[in-house]
Amino acid sequence: MTLAIQPVRPEPATAPRRLTILGSTGSVGCSTIDLIERQPEAFEIEALTANSSVRELAEQARRLRPNLAVIADETCYGELKEALAGTGVTAAAGAEALIEAAARPSDWVMAAIVGAAGLAPTLAAVRRGAAIALANKETLVCAGALMVAEIARHGATILPVDSEHNAIFQVLEPEQHEAVERIILTASGGPFRSHSREAMAEVTPAQAVAHPNWDMGAKISVDSATMMNKGLELIEAHHLFGLSEAQIEILVHPQSVIHSMVAYVDGSVLAQLGQPDMRTPIAYALAWPERMAAPVERLDLGAIGQLTFEAPDPVRFPALRLAREALRAGGGAPTVLNAANEVAVEEFLRGRTSFLSIADIVEHVLEAIPAKPLDCLEDVHQIDKEARALARRLTNGTADKG
Ligand code: NAD
Ligand code: MG
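The structure reproduced in this document is the subject of the present report. (Residues numbered from 1 in each chain as written. Chains lettered and ligands numbered in written order. Predicted model: local features only at pLDDT ≥ 70, side-chain atom pairs only at ≥ 80, totals over all residues. Heavy atoms only, no water.)

**Here's the deal with helix α4 (residues 95–103)**
What counts here: Accessible area is worked out with a 1.4 Å probe on protein chains only. A residue is then buried under 20% of its type maximum, exposed over 50%, and partly exposed in between. Numbered from the N terminus, helices here are DSSP runs of H or I no shorter than four residues, and strands are runs of E no shorter than two. By definition, the arc is the one covered by directions from the helix axis to the C-beta atoms. Every residue pair with non-hydrogen atoms within 4.5 Å of one another is taken to be in contact.
Those residues of α4 that fall on the buried side of the exposure criterion are Ala 97, Leu 98, Ala 101 and Ala 102. The buried residues of α4 occupy one face: seen down the axis, they fall within an arc of 145°. Contacts from the buried residues of α4 go to β1 (17–22), β2 (43–50), β3 (68–71), β4 (90–93), β5 (108–111) and α5 (119–127).

This is the structure:
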C-alpha cells in the first residue's frame, strides 16, 4: 500500500502566494475568494475562470485584478473584454484559454470546476508541478490512475479540498500510512435520508438541491441527494490515499460534524471535526502547511448535544453500490459511472428525467459499456464520450415515456 499523493512541503512563504482559481464563480470558487479577500496581503491572483457567468467573472476580476480572466463559453468573450476594458486584466475565452490559465505560473491552483470539464485544465496545472487545491473530484474519478501517475511524474502537490478527504489529509500521518487499517468517510445522507423509494420517485430538482447541511453547487447537491457524491468520494479516496475499495467504509452521520476518520492497526481512530462550512477545508488547502483564520461558526458540541451514526441503505441509495462495483471493475468503469451520472443529473435538473432514474441510467450505461483499460487520456475522452451519448439516449427514452 502506498500513499498516492505525497505533498512536497514548500519553503515558508516570504511573498504573497500567487493563486489561480479555476471555476471562480461557483460555490467553492466564491468561498475561496471570500477567504482571500479577508487576507489580501497573503494572496495575489494570477487567473480566474468561469463557464458562462460572465458578469460575475468580470466583477470578480475588477475587484481582484488577476492578469487573466477566462470565460469557457466563447460567445461571452465580447462581453468579458468590454467589461474589463481599461483594467489591465486580459480577457480570453474557450477551452484552450482555460488550459492556458492553469498552465501559467502560479504557486497554487484552486481546481473548482465541476465535472470532467475540469480534467484538461487541472492536468495542465499538474504538468507544471503546481500545488493544486483539488475540489474537482470528478477529475480523479474519470481519470484517477492516469492523474496519479502524472502527479508523481511532475512532482505536483495535491491538497484535497473535498471536506472528507481534507479531514483525512489532516489526520493521516504519511509516515504511518502502512499502519492505516481503513478510513471512514462520513455522509450526511442528503435531503432524502429518511425518504422511502416511493417518496423519492416524486422529488423535484428544487427539493434535491436543498441540502440540509451544506450550501453547494447544483450538481454536487443532487449527487448528495442520490448519495452518488459519496460513491464518487469513495473513488476519489482510493486514488488520493492509495487504499483498496474494501478499506474505505461509508458511514451516515446526519449532523456533518465529523468530516471523516482514519482507523489505525492499533485500534486508534482519528477524526477531524468542524461546522459544515467549506471555508474550513478550503482555508486548510490554501494555507498548507500552515493554517489561516477562517470566519466559520465555531463548533459547540455542547449545543449540538448528540452526534448520530447509521449504516447507509444500499437499497434506497443504489449509487453507492454502483460506485463500489465500478471501482472494483477498474479501467474505464469509473469514467463511465461519472459521465453517465453527469448527464443523468443534468437531465434531472432540466426536468427531463426523474430522480430515481439517475441511478438506473448509470447502471444501464455501466452494464452496456465494458470496463476497458485506460492507457492514455485519449482513452478517457473516448469512453467518456461513449458513456455520455448512451446516457443521453437513455434519458430521452425515459422522457418519451413521460
Ligand atoms: P458550481 O456549479 O457552484 O461551480 C462550478 C464552477 O465551474 C463555476 O465557476 C462554473 O462557471 C465552472 N464551470 C462549470 N462548467 C464548466 C465547464 N464546462 N468549463 C469550464 N468551467 C466550468 O460547483 P461547486 O459546488 O463549486 O463544485 C465545484 C467542484 O468542487 C465540484 O467538482 C464539486 O464536486 C466539488 N466540491 C464542491 C463542494 C461544495 O461545497 N460546493 C464540496 C466538495 C467538493
Ligand atoms: Mg465531500
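**Here we look at the pattern of salt bridges**
We apply this condition: Salt bridges are identified by distance alone: a Lys or Arg side-chain nitrogen within 4 Å of an Asp or Glu carboxyl oxygen.
Inspection of every chain in the model, using the stated rule, returns 31 salt bridges. Here Asp 162 makes a salt bridge to Lys 137, at a shortest N to O gap of 2.9 Å. Remark: Lys 137 occurs in helix α6 (residues 137–154) and Asp 162 occurs in the loop between β7 (157–160) and α7 (163–171); sequence separation between them is 25 residues. The class for Lys 137 is buried, based on a relative accessible area of 4%. Put simply, Glu 233 and Lys 230 hold a salt bridge, and the shortest N to O gap is 2.7 Å. On the criterion of helical spacing, the pair formed by Glu 233 and Lys 230 is a turn pair, its members being three residues apart in helix α11 (residues 228–241). You'll find Glu 233 and Lys 230 in the same group, each marked buried. Linked by salt bridges that have partners in common, Arg 18, Glu 44, Glu 46, Glu 100 and Arg 104 make up one network.

**Things to note about the site of ligand 1**
Test applied: Any residue with a non-hydrogen atom lying within 4 Å of a molecule or strand is treated as near it. Each polar contact in these results corresponds to two N or O atoms within 3.5 Å; when the atoms are within protein, one needs to be able to donate a hydrogen and the other to accept it, and residues that are neighboring in sequence are counted only if both atoms are side-chain atoms. Computed with a 1.4 Å probe, the accessible areas rest on the Shrake-Rupley method; for each residue, only the protein chains presented here act as cover. In the scheme used here, Gly and all other residues not listed as nonpolar or charged are polar, with Ala, Val, Leu, Ile, Met, Phe, Trp, Tyr, Cys and Pro taken as nonpolar and Asp, Glu, Lys and Arg as charged.
Taken together, 23 residues are adjacent to ligand 1, and Thr 25, Ser 27, Val 28, Asn 51 and Glu 138 come closest. One of the backbone N or O atoms of Val 28 is found 2.9 Å from an oxygen atom in ligand 1. Contact between ligand 1 and Ala 135: an oxygen atom at 3.4 Å from a main-chain N or O atom of the residue. In the complex, the protein chains occlude 87% of the 820 Å² of accessible area that ligand 1 would expose alone. Mapped by element, the contributors of at least two residues to the shell around ligand 1 are α1 (27–38) and α6. A per-class count over the shell around ligand 1 returns 12 nonpolar, eight polar and three charged.

**A short note on the nonpolar core**
The following threshold applies: Within this scheme, the nonpolar core is defined by two criteria: the residues are buried Ala, Val, Leu, Ile, Met, Phe, Trp, Tyr or Cys, and they are joined through side-chain atoms within 4.5 Å.
Membership of the largest hydrophobic core comes to 91 residues, with the highest contact counts inside it found for Ile 132, Ile 183, Phe 241, Leu 337, Phe 355 and Val 365. Top element by residues in this core is helix α15 (residues 333–349). It accounts for nine residues. If near-sequence neighbours (up to four positions away) are discounted, Ile 132 is found in contact with Val 109, Ala 111, Thr 122, Ala 125, Val 126, Thr 157, Ile 158 and Leu 159.

**A word on the packing of helix α10 (residues 218–226) against α15**
Using the following cut-off: Axis geometry follows a simple rule: fit a line to the C-alpha atoms, using only the stretch in contact for helices, then measure angles between N-to-C directions, giving values from 0 to 180 degrees. Working definition: roughly parallel below 35 degrees, roughly antiparallel above 145 degrees, roughly perpendicular at 65 to 115 degrees, and oblique for all remaining angles.
It is at 10 Å that the axes of α10 and α15 come closest, and there the two elements cross at 100°. By the angle between their axes, α10 is roughly perpendicular relative to α15. Between α10 and α15, the contacting residues are Ala 218, Lys 219, Val 222 and Asp 223 on the first element and Asn 338, Asn 341, Glu 342, Val 345, Phe 348 and Leu 349 on the second. Tallied by class, residues from the contact of α10 with α15 come to five nonpolar, two polar and three charged.

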